[in-house]
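Here is how the chains run, residue by residue.
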Amino acid sequence: MSATSGSSSSQSPPVMASIGDVGALFQTAKKYEELNVIGTGAYGTVYKARDLHNGGQIVAMKKVKVALTEDGIPLSTLREIALLRQLEAYRHPNIVRLLDVCHGGQSLERDHQLILFLVFEHVEQDLDSYLKRAPGPLSENRIRSMSYDILSGVDFLHSHRIVHRDLKPHNLLVTSTGRVKLADFGLAKTYDTEMKLTSVVVTLWYRPPEVLLGISYNTAVDVWSCACVLAQLHTRAPLLQADCDSQQLHCIFRLIGRPPRHEWPENVAIVADSFPDYPPQDLADVLPRIHPHALDMIKGMLVFDPAKRLTALDCLEHPYFTEEPLK
Amino acid sequence: MKDVIDVMALQSNRRERRLVDYRGGPGHSLATNFIFECGIKLGLQPATVATAAIFYHKFFKEADKNDYDCYVICTSCLCAAGKSRDEPVRLRDAVNVAHNSINRGAGPLELGEEYWSWRGAVAQAELLVLRLLGFNLDAPSPHRYLLHYLRSLQEWFPASQWRSAPIARTAMGFLQDFHHSSSILEYRAPHIAVACLTLALHVLGVSVPLAATLDDDAAWYSVFTKDLQKEKNWEIMEKIMQVYSKEPEPI
């Protein structure tokens, strides 16, 4: 320390000490009071907390561990968080508000790990519990408005070069007024490093075939997941339920039929013939009493070839949303 | 050889004198000079160096200048700016460049205590800078606006007139230099770009074709930005000119 301070400027010694003592600085400026754990997902723990500087407003704090590299905070993490901050400026109604980003100072030096807290607005329930609590089938209009909310949020993310990759009822939040907001996106790389550290089972029910087959993917993955969620709004039960990768693929092909060989992607470890030649099922049988436009749209979203799938924007412009309800 | 003027010695003499002594400058007076020098030495893009300067100004808008070592924070601002603009700097390079700029003529740091404490301080300071900025790293870049305005204006000028004066260079120079002043935080990016452009045109004595035919309350730059009044534009230009009055060693 002493050598450094001598070389940079005369009043350095106390200064350098204060930089080394970043942890203390954060602890004195206590802004949030932890209340209880909301959930422990694959990506880390989420706490319910009170914002002490904003009249005790309740917030959700997501704790993310970031491994520090030789050059400090990893570039990918930094850019992803900056992007989330940037998105926040648009205040999109279907995106959960990111209120603050802070880092906890505890284990900064010890194990080269940085603990980040992402502070989000707190929304009471997610779509999963909303559907479980619903006394009966949702009304036609409710389904339509929720579907629109979800697709608007997804389209917004896609227009900002963000692929959610893990859309499911658990990270779709339902506000007290019945609006849906997307959560848990944007930290793809940050979360990836984290995922290896936890043994929480990640649900596969909303994964598209290209992810299950382990090939490259793009924004179309979210459209597939959306379709599964939209179908679930109608039936209040997951559309495609299986408990491992290959079972999930069987499940998918039993519904949409095994794709013809010329559509089977190259560079895949699994060959098309490892699946029986399932004929496509009629989606109308799976989703009874569904609005014909909704049925048509979901069909367009559950297409094997990602390039032929509808985009989120296509969906928003689909007659299901643009035409007056027939009833 | 007695009567021959040793031009080379004179030049190198002059160059020696031009180099700023960062140890001698009081407080933070040379901070932005340091950022620009190190940024250039690290081979960073001008817009990235400018972003580092913005981070520096933002940081000390919140923090007390007496509490932190000026050059450690400057170095960490360069690292953070590099990452935020996808032009990462290796921590080791940053530390060596910073050390060498402060201690002119010293070689690269040995991998000893001094190196590690510098490195640790910069890495920690980077996290502190990020925290204080609240991870808001998206600095709205006036560079992009200026480039866009220059291209539009170029089409409007007769080619020979455009070539006769270094408008683009001068305007870009003003913009880069304006980052020495913390006043840059007070204005919106498009306004800053227009002010740099206007100042360049004034300095070079060039007027925008047909601008004289406009009404009194209209300005040629209203096609670029509608909400910039002439007074505001002058205010920014004055702030830009003030940068040159506090230059450490006028060349």
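Residues numbered from 1 in each chain as written. Chains lettered and ligands numbered in written order. Predicted model: local features only at pLDDT ≥ 70, side-chain atom pairs only at ≥ 80, totals over all residues. Heavy atoms only, no water.

A. Structural view of the UniProt feature "binding site: ATP" (unreviewed entry) in chain A. Here the UniProt feature "binding site: ATP" (unreviewed entry) sits at A:K62. Within the fold, A:K62 resides in strand β3 (residues 57–67). (UniProt positions renumbered as here; feature names shortened; annotations may be inferred. Helix = DSSP H or I, 4+ residues; strand = E, 2+ residues; numbered from the N terminus.)

B. Just the nonpolar core, in detail. Grouped together as the largest cluster of nonpolar side chains are 129 residues, with contacts concentrated most on A:L127, A:I150, A:L151, A:L233, A:M301, A:L302 and B:I73. Ranked by the residues each element gives to this core, the list is headed by helix α4 (residues 70–84) of chain B, at 10 residues. Counting residues in hydrophobic clusters, the runner-up holds 36 residues, among them B:V194, B:W220, B:Y221 and B:I240. (Core = buried A, V, L, I, M, F, W, Y, C linked by side-chain atoms within 4.5 Å. Buried < 20%, exposed > 50% of the residue type's maximum accessible area, 1.4 Å probe, protein only.)

C. Looking closely at the packing of aromatic side chains. Residue and element names in this part refer to chain B. Overall, the coordinates contain 21 aromatic pairs over all chains when judged by the stated rule. For the pair Y22 and F34, a centre-to-centre distance of 5.0 Å together with 85 degrees between the ring planes defines the contact as edge-to-face. One end of the pair, Y22, is in the loop between α1 (7–18) and α2 (31–41); the other, F34, is in helix α2, and 12 residues separate them in sequence. With a relative accessible area of 2%, Y22 lands in the buried category. Residue F34 is classed as buried on the basis of its relative accessible area of 0%. Here Y145 and Y149 contribute two aromatic rings whose centre-to-centre distance is 6.2 Å and whose plane-to-plane angle is 50 degrees, an arrangement assigned as tilted. Highlighted residues: Y145 and Y149, both in helix α7 (residues 142–156), separated by four residues, approximately one helical turn. On the accessibility criterion, Y145 (34% relative accessible area) is partly exposed. Among the residues examined, Y149 registers a relative accessible area of 2% and is labelled buried. (Phe/Tyr/Trp six-rings, centres within 6.5 Å; stacked < 30°, edge-to-face > 60°.)

D. Up close: the pattern of salt bridges. Under the definition given, this model contains 22 salt bridges over all chains. Two residues, B:E37 and B:R104, come together in a salt bridge whose shortest N-O distance is 2.7 Å. Of this pair, B:E37 sits in helix α2 while B:R104 sits in the loop between α5 (91–102) and α6 (113–132), and the two are 67 residues apart along the sequence. Sharing partners across several salt bridges, the network here consists of A:D166, A:K168 and A:R207. (Salt bridge = Lys/Arg side-chain N within 4 Å of Asp/Glu carboxyl O.)

E. Highlighting α7(B). All names here are of chain B. Taking 1.5 Å per residue, 15 residues should reach 21 Å; α7 reaches 21 Å between its end C-alpha atoms and fits that length. Turning to α7, its buried residues are P142, H143, L146, Y149, L150 and L153. Relative to the axis of α7, the buried residues are bounded by an arc of 125 degrees and lie together on one face. For α7, exposure combined with an orientation more than 90 degrees from the buried face picks out R144, R151 and E155. (Expected span 1.5 Å × (residues − 1). Arc of directions from axis to C-beta.)

F. Region of the structure containing the pairing of strand β4 (residues 98–104) of chain A. Residues and elements named next belong to chain A. Within β4, six of the seven residues are buried, which leaves the element mostly enclosed by the surrounding structure. Of the strand pairs in this sheet, β4 and strand β5 (residues 113–121) are connected by six bridges, and their pairing is antiparallel. From the neighbouring strand, H103 faces β5, where its bridge partner is L116. (Pairing = 2+ DSSP bridges.)

G. Layout of helix α4 (residues 75–88) of chain A. Look at α4(A): 20 Å from first C-alpha to last across 14 residues, which is about the 20 Å you get at 1.5 Å a residue. Looking at α4(A), one finds that the buried residues are A:T77, A:L78, A:E80, A:I81, A:A82, A:L83, A:L84, A:R85, A:L87 and A:E88.

H. Representation of the confidence of the model for chain A in the model. Mean pLDDT over chain A: 81, with 82% of residues reaching 70 or higher. Mean pLDDT in chain A bottoms out at helix α1 (residues 2–8) of chain A, which sits at 35, and peaks at helix α13 (residues 312–316) of chain A, which reaches 96. (pLDDT = per-residue confidence, 0-100.)

I. Broad picture of the packing of α2(B) against helix α3 (residues 46–62) of chain B. Residue and element names in this part refer to chain B. Contact pair α2 / α3: the axes reach a minimum separation of 9 Å and the direction vectors enclose 150 degrees. It follows that α2 is roughly antiparallel to α3 by the angle criterion. The hand of the α2/α3 crossing is right-handed. Along the contact surface, α2 presents A31, T32, I35, F36 and G39, while α3 presents V49, A52, A53, Y56 and H57. In terms of residue class, the contact of α2 with α3 is built from seven nonpolar, three polar and no charged. (Axes fitted to C-alpha atoms, helices over the stretch in contact; angles between N-to-C directions. Parallel < 35°, antiparallel > 145°, perpendicular 65-115°, else oblique. Left-handed = near helix turned anticlockwise from the far one by under 90°. Contact = heavy atoms within 4.5 Å. Nonpolar A, V, L, I, M, F, W, Y, C, P; charged D, E, K, R; others polar.)

J. Structural detail: the sheet that holds strand β7 (residues 172–174) of chain A. Residue and element names in this part refer to chain A. Judged by pairing direction, the sheet is antiparallel, and its three strands sit side by side in the order β6-β7-β8 without closing on themselves. Because the sheet does not close on itself, it has two edges, and the strands there are β6 (125–126) and β8 (180–182). Bridge count for β7 against β8 is three bridges, and the pairing is antiparallel. Looking at β8, one finds that L173 is bridged to K181. Against the sheet, helix α6 (residues 140–159) contacts β7 and β8, and its axis sits at roughly 25 degrees relative to β8.

K. Here's a closer look at the environment of A:Y90. Residue and element names in this part refer to chain A. Here Y90 is to be found in the loop between α4 and β4. Distance from Y90 to F156, taken between C-alpha atoms, is 9.8 Å for residues 66 residues apart in sequence. Excluding its chain neighbours within four sequence positions, the residues that come into contact with Y90 are F156 and H160.

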